[in-house]
Amino acid sequence: MNNAVQELKKSLITSLWFMFLTFPIMVIKVNTVENIVNWRWSNMVFVGVLSFVISYFWRGMLRKKERGDKLVDLSRFMPAKLRDLDLRESLSDKKIARPVLAVLLVAALVFPFAAGMYQTSIMTTALMYIILGLGLNIVIGLGGMLHLGYAAFYAVGAYTYAILHRDFGIGFWVALPLGAILAMLFGMLLGFPVLRLKGDYLAIVTLGFAEIVRIVLENWNDFSSGPSGIANIPRPSFFGMKLSLPNATIYIYMITLALVLFTIFVVRRLENSRLGRAWEAMREDAIASESMGVNITTTKLTAFALGAFWAGMVGVIFAAKTTFVNPASFTLMESVLVLCIIVLGGMGSTTGVIVGALIIVLLPEYLRAFSEYRMLLYGAVLVMMMVFRPNGIIQKVRKRHTFDIKEASSGGSNE
């Protein structure tokens, strides 16, 4: 009984403090046209009640987390056959995974025809960030190198298409591989000076590289048109035919979806390759991996180059989608946004990056119904996820190999 009273007192104190801190924002509204002040006391009541309830249940969830209990136990509402079902193990079974993936693929293909142009455009942006997240995941999630300049390679791809079309009339399909390859070369160019750096020092250098690229694009007017940007970039054509805006939106969506599938296939193959093992070994201990024969120089350069490759490809798609590029689209916040996708979804996890990208991109859009409070709700959701899922929504599972000594010894005696 005393514990319950103490918890209620703590929640009451928290709500009073929150009401005091948010009073100028939530209650006072100045009308500069009529020179009057509107006092919105109903908002204060709403803030007090909401903060009291959230504070009470928040501490309860933290106690459950410390005890190792489930935050939300839905097993009692589930059929008996589903209570003991391990979703991760079930999806690892090809007989179950393949039909599920087929259904998801069909749904993705049908989506632009069932939804409107606005929804298709939003989903295209989410797919673009999935590719960006998977590309940066190679550097950070697998290689263990903190990279804060990823937007620079994104900008290289976008400006490659914009400048090539403006000066030489080159189309989308030729610029797509060229933008990716040029970004990959820039990735190798960045990789050489930072071979001996790690941690915060690496992050600072990559951040400086991104700022150099942005400042060059912003001030070199003859090359990049400066802050005015480059406009009238054409959307991709379909066998030489120009498409209307709705059809072009669907077409770009399909192209981006195909590139997402291609990226997932390549990244999964890289994870299980010799190079992927070298990245993970370098992430855990660079000195130990080098002593075991891993070429750290080649491994780091490959990670930077491949990560930049996907960013350059998405940059070309971005230029084609918006038909306009300028340096303001490639600031530090773009790099931070992609980094948030990886951290939120789960470092090193392909599925986690996909889920993280969908949440980061789609959640603010679908919270627009809450108008001016949507970013507060968005931030609260992200904080809750990081507190209760610090390793990401879908944590990467380490592969383990078991060796049965009894079976091996009996097998050896039979021989």
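The structure presented is a predicted model; accordingly, all values stated were derived computationally and were not measured.

Q: Would you mind showing me how to read the packing of aromatic side chains here?
A: With the rule as written, the count across this model stands at 18 aromatic pairs. Measuring from ring centre to ring centre gives 6.2 Å for Phe-111 and Tyr-253, while their planes differ by 35 degrees; the resulting arrangement is tilted. Taken together, the positions of Phe-111 in helix α5 (residues 94-114) and Tyr-253 in helix α11 (residues 245-271) put the pair 142 residues apart, joining distant regions of the chain. Its relative accessible area of 2% is what places Tyr-253 among the buried residues. Aromatic pair Tyr-161 and Phe-172: ring centres 5.9 Å apart, planes at 75 degrees, arrangement edge-to-face. Taken together, the residues Tyr-161 in helix α7 (residues 150-168) and Phe-172 in helix α8 (residues 172-191) connect sequence positions eleven residues apart. Comparing Tyr-161 with Phe-172, the two get one shared label, buried.

Q: Can you walk me through the side chain of Ser-335 in this structure?
A: As for its position among the elements, Ser-335 is in helix α15 (residues 332-345). Residue Ser-335 is classed as buried on the basis of its relative accessible area of 1%. In contact with Ser-335, not counting residues within four places along its chain, are Leu-148, Gly-149, Tyr-150 and Ala-151.

Q: I'm lost on the packing of helix α12 (residues 274-284) against helix α14 (residues 296-322) in this one. Help?
A: Two measures define how a pair of helices packs: the angle their axes make with one another and the distance between the axes. Packing of α12 against α14 brings their axes to within 10 Å, and their N-to-C directions diverge by 105 degrees. What the angle tells us is that α12 and α14 run roughly perpendicular. Here Leu-275, Ala-278, Trp-279 and Met-282 of α12 lie close against α14, whose contacting residues are Ile-296, Thr-299, Lys-300, Thr-302, Ala-303 and Leu-306. A breakdown of the residues in the contact of α12 with α14 according to their chemical character gives seven nonpolar, two polar and one charged.

So, how was this worked out
Residues numbered from 1 in each chain as written. Predicted model: local features only at pLDDT ≥ 70, side-chain atom pairs only at ≥ 80, totals over all residues. Heavy atoms only, no water. Phe/Tyr/Trp six-rings, centres within 6.5 Å; stacked < 30°, edge-to-face > 60°. Helix = DSSP H or I, 4+ residues; strand = E, 2+ residues; numbered from the N terminus. Buried < 20%, exposed > 50% of the residue type's maximum accessible area, 1.4 Å probe, protein only. Contact = heavy atoms within 4.5 Å. Axes fitted to C-alpha atoms, helices over the stretch in contact; angles between N-to-C directions. Parallel < 35°, antiparallel > 145°, perpendicular 65-115°, else oblique. Nonpolar A, V, L, I, M, F, W, Y, C, P; charged D, E, K, R; others polar.

Keep in mind these numbers describe shape, not what the thing actually does.
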